[in-house]
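These are the residues of each chain, in order.
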Protein chains: 2
Amino acid sequence: MRIGILGTGIVGQTLAEALDTGGHEVVVGTRDPAATLAKTEPDMYGRPAFRVWQEAHPDVGLGAFSEAAAHGEFLINATNGAASLDALRAAGEENLAGKVLLDTANPLDFSKGMPPSLFVCNTDSLAERIQAEFPGARVVKSLNTMTASVMVDPRGLGDGDHTVFVSGNDAEARGSVKELLRELGWTDILDLGDVSTARGAEMVLPIWVSIMGALGSPRSNIKIVR
Amino acid sequence: MRIGILGTGIVGQTLAEALDTGGHEVVVGTRDPAATLAKTEPDMYGRPAFRVWQEAHPDVGLGAFSEAAAHGEFLINATNGAASLDALRAAGEENLAGKVLLDTANPLDFSKGMPPSLFVCNTDSLAERIQAEFPGARVVKSLNTMTASVMVDPRGLGDGDHTVFVSGNDAEARGSVKELLRELGWTDILDLGDVSTARGAEMVLPIWVSIMGALGSPRSNIKIVR
């Protein structure tokens, strides 16, 4: 499948690698590809520059947001939440229309220091804002409740016995996302229903941050025991 | 131990029964004991009137909020979140001072219909509001992330292999709450730290409501797989 991933950060890189390995044709989108490739220093987390990553993953394309979105039959928003709407505007409504848009972003607000709060929550969500601004896109919220390495390798944590949530208005689009999740190794996929249920999934982030602090590791995930 | 429980609803009844059975001396508090006992009809969920419940649990006392709070060495807020601060004011600051106050309430706002939103979240929490208004109480948030029957019988769900969170400023108070949780059968008790981490625990409620809808049952709980 042709997949366009918006965002060159850790989530974009991790998903691109896994989906490329899985046989998909992946193009990663960024605001300014030349600027992204010009960076040579490690980022603030000590991760190598995108250029270094790309040299190790030569089959993954890099383009502008609009090029990645035009390439993909299936799109993934892996930008940071504060930049997501701008990135999608740059991708272009015409390149989103009719396509599944898997939204993995969280509306984290770091402007008030740590721990982050959310810049939208409770009566609205980032996923709903995206769906409202791009009614032609088939927005499905998922994978936003765990760290990138767990997203693509659920079996690597607790033998894979934990849960991923899915929220979106279009049942067929939720089905496409579930299929991709199964490809990644997910077995406990909990369909919450329409996109308004993304509020709850995004509001998991504050406790996730506290749990990361308590455990000293981002490698945990929720299992819904029932 | 002498335990005062504020609230005669399903959470108060369920905790009172379990702690009474566990050998504690329990008094349940309500705004107006005579009014509570005057009710004979089942409530909106079809649960029997408190009077019927009390006849089956003759060792559990009933009193005004202030009487239950004066009785308890250890206090539990089991009122609904919207009524919690008023109930605690009625209990009286002098009856809270120096005591552990286990806060199980959630700031659910049903005024805008279903599903409920939260009337405080993100940059504040009900637990923090309680702690701020009653600085002498040793507030510990816990047990607010699952249904009452699971609170007191974790082993009855998934062999007990799921998680309860604890948040509060006073480490010794958190320790007292953990001890009570172990008495109830909890084995996976995750200490998140100070009371501000109750934000995350309370913000779990929206996804909990969605999960209840998706599963058709309130009997689920989070396990933090790590």
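Residues numbered from 1 in each chain as written. Chains lettered and ligands numbered in written order. Predicted model: local features only at pLDDT ≥ 70, side-chain atom pairs only at ≥ 80, totals over all residues. Heavy atoms only, no water.

Peer 1: Looking at this model, I keep getting lost on the packing of aromatic side chains. Mind explaining?
Peer 2: Each aromatic ring pair is specified by the distance between its two centres and by the angle formed by the two planes. Residues and elements named next belong to chain A. Summed over all chains, the structure comprises 2 aromatic pairs over all chains. Pairing F50 with W53 gives two aromatic rings, centres 5.3 Å apart and planes at 35°, and the pair type is tilted. Taken together, the residues span about one helical turn, with F50 and W53 both in helix α3 (residues 50-56) at a distance of 3 residues. Taken as a pair, F50 and W53 share a single burial class, namely buried. (Phe/Tyr/Trp six-rings, centres within 6.5 Å; stacked < 30°, edge-to-face > 60°. Helix = DSSP H or I, 4+ residues; strand = E, 2+ residues; numbered from the N terminus. Buried < 20%, exposed > 50% of the residue type's maximum accessible area, 1.4 Å probe, protein only.)

Peer 1: Would you mind going over the confidence of the model for chain A with me for this structure?
Peer 2: It should be kept in mind that the predicted coordinates are not to be read in detail where pLDDT is low. Across chain A, the average pLDDT comes to 97, with 100% of residues at or above 70. The ipTM, which scores confidence in the relative placement of chains, is 0.97 for this predicted complex, and the corresponding pTM is 0.97. (pLDDT = per-residue confidence, 0-100.)

Peer 1: Looking at this structure, I do not really get helix α7 (residues 126-133) of chain A. What am I missing?
Peer 2: In an α-helix there are 3.6 residues to a turn, and that puts residues three or four apart on one side. Taken together, the buried positions of α7 of chain A are L126, A127, E128, I130 and Q131 of chain A. Buried residues in α7 of chain A make contact with β4 (74-77), α5 (81-91), β5 (100-103), β8 (138-142) and α10 (198-202) of chain A. (Contact = heavy atoms within 4.5 Å.)

Peer 1: Sorry, what's going on with the interface of chain B and chain A here?
Peer 2: The parts lose accessible area when they come together, and the size of an interface is often stated as this lost area. Counting from both sides, the interface comprises 32 residues of chain B and, opposite them, 32 residues of chain A. For the pairing of chain B and chain A, the buried interface totals around 2500 Å² over both sides, and the portion due to carbon and sulfur atoms is 76%. When the area that chain B buries against chain A is broken down by residue, the three leading residues are M203, I207 and V225 of chain B, summing to 23%. Where chain B packs against chain A, one counts 0 salt bridges. Scanning the region where chain B abuts chain A turns up 5 residue pairs in polar contact (both at pLDDT 80 or more). Within the residue set of the side of chain B that touches chain A, elements represented by two or more residues are β7 (117-118), β10 (188-193), α10 (198-202), α11 (205-215) and β11 (221-225) of chain B. The biggest single contributor to the side of chain B that touches chain A is α11 of chain B, with 6 residues. (Buried area = accessible area lost by both parts, 1.4 Å probe. Salt bridge = Lys/Arg side-chain N within 4 Å of Asp/Glu carboxyl O. Polar contact = N/O pair within 3.5 Å; in protein donor to acceptor, adjacent residues only side chain to side chain.)

Peer 1: What should I look at first to understand the packing of helix α5 (residues 81-91) of chain B against helix α7 (residues 126-133) of chain B in this one?
Peer 2: The relative placement of two packed helices is expressed as an angle between their axes plus a distance between the axes. Residue and element names in this part refer to chain B. Two numbers describe how α5 lies on α7: the axes approach to 11 Å, and their chain directions differ by 15°. Between α5 and α7, the angle is such that the two are roughly parallel. Between α5 and α7 the crossing geometry is right-handed. Each of G81, S84, L85, L88 and R89 in α5 lies in contact with α7, whose residues at this interface are L126, R129, I130 and E133. Grouping the amino acids of the contact of α5 with α7 by side-chain chemistry returns 4 nonpolar, 2 polar and 3 charged. (Axes fitted to C-alpha atoms, helices over the stretch in contact; angles between N-to-C directions. Parallel < 35°, antiparallel > 145°, perpendicular 65-115°, else oblique. Left-handed = near helix turned anticlockwise from the far one by under 90°. Nonpolar A, V, L, I, M, F, W, Y, C, P; charged D, E, K, R; others polar.)

Peer 1: What exactly am I supposed to notice about the sheet that holds strand β8 (residues 138-142) of chain B here?
Peer 2: Residues and elements named next belong to chain B. The strand order across the open sheet built from 8 strands is β3-β2-β1-β4-β5-β8-β9-β10, with neighbouring strands paired in mixed fashion. Either end of the sheet is taken by a strand with one partner, and the two such strands are β3 (61-64) and β10. Each strand of the sheet is rotated relative to its neighbour by a mean of 25°, with strand direction disregarded. Sheet topology places strand β4 (residues 74-77) next to strand β5 (residues 100-103); 4 bridges connect them, and they run parallel. (Pairing = 2+ DSSP bridges.)

Peer 1: Help me understand the relation of the copies chain B and chain A in this model?
Peer 2: In summary, the two copies of the chain are related to each other by a rotation about an axis coupled with a shift along it. The transformation that overlays chain B on chain A combines an axial shift of 0.0 Å with a rotation of 180°, and the residual RMSD is 0.0 Å. The relationship between the two copies is best expressed as a two-fold rotation axis. Considering only C-alpha atoms, the residue of chain B closest to the rotation axis is K223 of chain B, which sits at 2.5 Å. (Least-squares fit on C-alpha atoms with pLDDT ≥ 70 in both.)

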